[in-house]
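Fold and contact review
Chain by chain, the residues run as shown.
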Amino acid sequence: MYDFNRCKLCGKNTAEPKYKLKGMTLYACSQCDFHFIDALDTFPTDYPDKAISDKHRSFIESKLPQNRQQLEVDLKFVSSHIDLNEKRCLDIGTGVGMFAFLLKQAGADVSAIEPQQIFREFAQEKFQLELRPELADDTYWQENYAEYFDVVTIWDTLEHVNFPLETVQAAVKLLKPGGYLFLDTPSRDSLFYRSSEWSYQFSFGTRPLLLNKLYSPKPYCHKQLFTRKQLWWLLEKVGLQVVEQSPLHKANKKLVVACRKA
Ligand SMILES: [Zn+2]
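First, a word on what this report is: a plain description of the structure on this page. Note that the structure is predicted; figures quoted are calculated from it, not measured.

What counts and what doesn't
- Here the residue index of a chain counts from 1 through its sequence in written order.
- Confidence filtering applies because this is a predicted model: local features only for residues at pLDDT of at least 70, side-chain atom pairs given and counted only at 80 or more, and all residues used for totals across whole chains, interfaces and linings.
- As a convention, hydrogens and water are excluded, and side-chain values are obtained from all of the structure's heavy atoms.
- Pairing between two strands is assigned when DSSP locates at least 2 bridges connecting them.
- Only DSSP runs of H or I covering at least 4 residues are called helices, and only runs of E covering at least 2 are called strands; the numbering of each starts at the N terminus.
- A fitted line through C-alpha atoms represents every axis, and for helices the fit uses only the stretch in contact; the resulting angles, taken between N-to-C directions, go from 0 to 180 degrees.
- Note on contacts: a residue pair qualifies if any of its non-hydrogen atoms lie within 4.5 Å across the two residues.
- Each residue is placed in one exposure class: buried if its accessible area under a 1.4 Å probe, protein chains only, is under 20% of its type's maximum, exposed if it is over 50%, and partly exposed if it falls in between.
- Donor criterion used throughout: N, O or S atom within 2.8 Å of the metal, extended to 3.2 Å for Na, K and Ca. Water excluded; incomplete-looking sites may result.
- Square planar and octahedral assignments, for four and six donors respectively, both demand that opposite donors be over 155 degrees apart and that all other angles lie between 65 and 115; tetrahedral needs four donors with all angles between 85 and 135 degrees, and anything else is irregular.
- Here the angle decides the label: under 35 degrees means roughly parallel, over 145 means roughly antiparallel, 65 to 115 means roughly perpendicular, and every other value means oblique.
- Handedness of a crossing follows from how the near helix is turned relative to the far one, being left-handed for an anticlockwise turn of less than a right angle and right-handed for a clockwise one.
- The nonpolar class holds Ala, Val, Leu, Ile, Met, Phe, Trp, Tyr, Cys and Pro. Asp, Glu, Lys and Arg form the charged class, and all remaining residues, Gly among them, are polar.

Side note on the sheet that holds strand S10 (residues 254-261)
- Strand order in the open sheet made by the six strands is S5-S4-S6-S7-S10-S9, with mixed pairing throughout. One side of each edge strand has no neighbouring strand; the edge strands of this open sheet are strand S5 (109-113) and strand S9 (240-245). Neighbour to neighbour, the strand axes of the sheet diverge by 20 degrees on average, direction disregarded.
- By the bridge criterion, seven bridges tie strand S7 (residues 175-186) to S10 in an arrangement that is antiparallel. The residue bridging Leu181 from the neighbouring strand is Cys259, located in S10.
- Helix H5 (residues 164-174) contacts strand S4 (88-92), strand S6 (149-155), S7, S9 and S10 of the sheet and is inclined by roughly 150 degrees relative to S7.

This is the structure we're talking about:
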C-alpha cells in the first residue's frame, strides 16, 4: 500500500490531503507543490481482460480521425528532430496504436506498450501491430532492450501512470546514449486549473469546478498533473536534457517536449 504522504515527484514525506473530490482526495506537496490523487492502478489482477466487442470497435473508430490528426502534429514535431527511417522506436502508452502505425509508415522499426487488452486487440486488427502489455519498468524491456531505442515517445501517458518519475526513468534506460525522448502531458499552469482551486477554496469544497473532471480514481485515468517547472525538474532528474518545447502546440494547454539522453 502506497503512503500518499510521500510525494510522487520529489519523494519527500511532505504531501498532505488538500482537496476532497469525488471518490478521491487530492494530495499536494508542500516542498514541490506537486498535485496527485490517492488512487493507483493495480496490475494485472484488478482489471480482468475483456475481449473487444463491436461496441468497442465502433466507439474507437469514431475517435480515430481526431486521434490521427493530433498525432500527425506530434509526428511532425518528432520528425523535425530526427529522421525516423530505420530508427528503433518505442511508443509507451500507445492506446489503439495509431502513433505506432504512423511511426511504421515513416519507416521506423516500432515497438509499443499498451496495458489495455481491448486496445491491443484493436491495434492488431486495424494496424496489424503487436502491442506489448508489459510496462516500461518490466524485466521484459529492462533485460532485453537496455539502451536499444533511438527514440521513445510518451504521449498523453504521464498523467495516467502510477509513478511518472519512475516511468520516465525506466524509459531513459531503454534509450541509447544520445537518443531522443518526446513526451506530452496536460499543463497545470492553466487559468482554469487555478480558478477551479479558488472556487473550491471559496465554496469550502462544494464547487471544485473542473478538478473532478481533470482527475479520476477510475482505472487508467488522470492521477497527477504537472506544472511546466515540475515537468522540467523531473526530466532533468532522470538525466534528460530538454532540447525544445514544441512550437506546434499551444503551450498553455499542453506541455510537449523533445529531450535527449546524455
Ligand atoms: Zn514534492
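A word on unusual backbone geometry
- Despite not being glycine, Asp156 shows a phi value in the positive range, around 50 degrees.
- Considering the arrangement of structural elements, one finds Asp156 in the loop between S6 and H5.
- Judged by its relative accessible area of 31%, Asp156 falls in the partly exposed class.
- Of note in the backbone geometry, Phe204 takes a positive phi value of approximately 55 degrees without being a glycine.
- Summarising the element assignment, Phe204 is placed in the loop between helix H6 (191-202) and helix H7 (211-214).

What to know about the coordination of the zinc ion
- Of the protein atoms, only Cys7 (SG), Cys10 (SG), Cys29 (SG) and Cys32 (SG) coordinate the zinc ion, at distances of 2.3 Å.
- Here the zinc ion binds four donor atoms, and the angle range of 101 to 117 degrees at the metal identifies the geometry as tetrahedral.
- In primary-sequence terms, the residues that donate to the zinc ion follow C-x2-C-x18-C-x2-C. Placement of the pair is Cys7 in the segment before strand S1 (15-21) and Cys32 in the loop between strand S2 (24-29) and strand S3 (35-37), with a sequence separation of 25 residues.
- Residue Cys7 is classed as buried on the basis of its relative accessible area, which comes to 0%.

Topic: the packing of H5 against helix H8 (residues 228-237)
- At a closest axis distance of 10 Å, the pairing of H5 and H8 adopts a crossing angle of 40 degrees. Classified by the angle their axes make, H5 and H8 are oblique. Classified by chirality, the crossing of H8 by H5 is right-handed. Taking contact as the criterion, the partners of Pro164, Leu165 and Val168 in H5 are, on H8, Trp233, Leu234, Leu235 and Lys237.
- In terms of residue class, the contact of H5 with H8 is built from six nonpolar, no polar and one charged.

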